[in-house]
Amino acid sequence: GDNEWNDCPNPEEGKSFWRNTFHEFDKHWEHAIQVVRHPLQPENFHFVHKRTLYFGLSIVGGKIRDNASYSNELKDRADFVKSMIDQHVVAGDASAVVLFGHAFPVSIHDAFFVPLRKYIRDHLGDKVPILYLNGDYHFYESQKNYMGLQNMQRVQVAQGTAQPPLKIEVTASSRPGWNATAAFSHDRMLWLQY
């Protein structure tokens, strides 16, 4: 269903279908990328590839059935993301971050995005290029200086086959002054190249 599983008529069954289909999806082919999962929420994972830290995060849109529980899960996800950025970006193995989530951030997601914004601003000094890639509203949108942060961008992809594919290129660099505009580029006109 839309919004991962929570808008399904039977959300627990939908979550079970989602996990049976997509959990550990990366194990369906051989690769050398070390995918690390959240210890309590295995649908959330990260990996480093070509000096970029990637996260797959369960940040759902639609109807949230238990706000308090979901808020606690989002706080835990934010802590996971911050600790992995400390481990990989601050330590030097990565110099850019890409976050994949479904939801367009609204107030129900504050438990994730408010502490993340504070961490990026105060701990990282807004010096690390970060991209949040989401779907949710099903139309293309690109925002620079996302959440008031110079080095954060958000790109929302269009729904399914309604639009041409979106190609995103990430260029990681440790050069001083490296920013989100230099790190992330995207091309929506791939269909013209065929």
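Refer to the preceding data block for the structure.
Let us look at the structure shown here. (Residues numbered from 1 in each chain as written. Predicted model: local features only at pLDDT ≥ 70, side-chain atom pairs only at ≥ 80, totals over all residues. Heavy atoms only, no water.)

**Points about the nonpolar core**
By size, the foremost hydrophobic cluster in this structure holds 33 residues, and its most contacted members are Phe55, Ile59, Ile85, Val97, Leu99, Phe112 and Met152. Where this core is concerned, the elements lending two or more residues are strand S3 (52–56), helix H2 (67–90), strand S4 (96–100), helix H3 (110–123) and strand S5 (130–134). When residues of this core are assigned to their parent elements, the largest contribution, 8 residues, is made by H2. If near-sequence neighbours (up to four positions away) are discounted, Met152 is found in contact with Leu99, Ile120, Ile130, Tyr132, Gln143, Lys144, Asn145, Tyr146, Met147 and Ala180. (Core = buried A, V, L, I, M, F, W, Y, C linked by side-chain atoms within 4.5 Å. Buried < 20%, exposed > 50% of the residue type's maximum accessible area, 1.4 Å probe, protein only. Helix = DSSP H or I, 4+ residues; strand = E, 2+ residues; numbered from the N terminus. Contact = heavy atoms within 4.5 Å.)

**Observations concerning a nonpolar patch on the surface**
A cluster of nonpolar residues, Phe22, Phe25 and Trp29, forms a patch on the protein surface that exposes about 330 Å² of accessible area. Turning to its location among the elements, Phe25 is positioned in the loop between helix H1 (11–22) and strand S1 (36–37). A residue is classified by how much of its surface remains accessible, and Phe25, at 39% relative accessible area, is partly exposed. (Patch = residues over 30% accessible without salt bridge, like charges linked within 9 Å, V, L, I, M, F, W, Y side chains within 5 Å. Areas by Shrake-Rupley, 256 points an atom, 1.4 Å probe, with all protein chains shown as cover. Salt bridge = Lys/Arg side-chain N within 4 Å of Asp/Glu carboxyl O.)

**Notes on unusual backbone geometry**
Positive phi, close to 50 degrees, is recorded for Asp126, a residue that is not glycine. With respect to the secondary-structure elements, Asp126 resides in the loop between H3 and S5. Of the residues examined, Asp126 reaches a relative accessible area of 15% and is grouped as buried. Phi at Met147 takes a positive value of approximately 55 degrees, unusual for a residue other than glycine. Assignment of secondary structure puts Met147 in the loop between strand S6 (141–143) and strand S7 (152–156).

**Description of H2**
Given a rise of 1.5 Å per residue, 24 residues ought to cover 34 Å, and the 32 Å separating the end C-alpha atoms of H2 matches this to within 8%. Burial in H2 covers these residues: Tyr70, Leu74, Arg77, Ala78, Phe80, Val81, Lys82, Met84, Ile85, His88 and Val89. Of the surrounding secondary structure, the elements contacted by the buried residues of H2 are S1, strand S2 (45–49), S3, S4 and H3. Looking one or two places after H2, you find Gly92, whose phi comes out positive at around 110 degrees. (Expected span 1.5 Å × (residues − 1).)

So, to be careful, I would describe these as geometric facts and stop short of saying anything about function.
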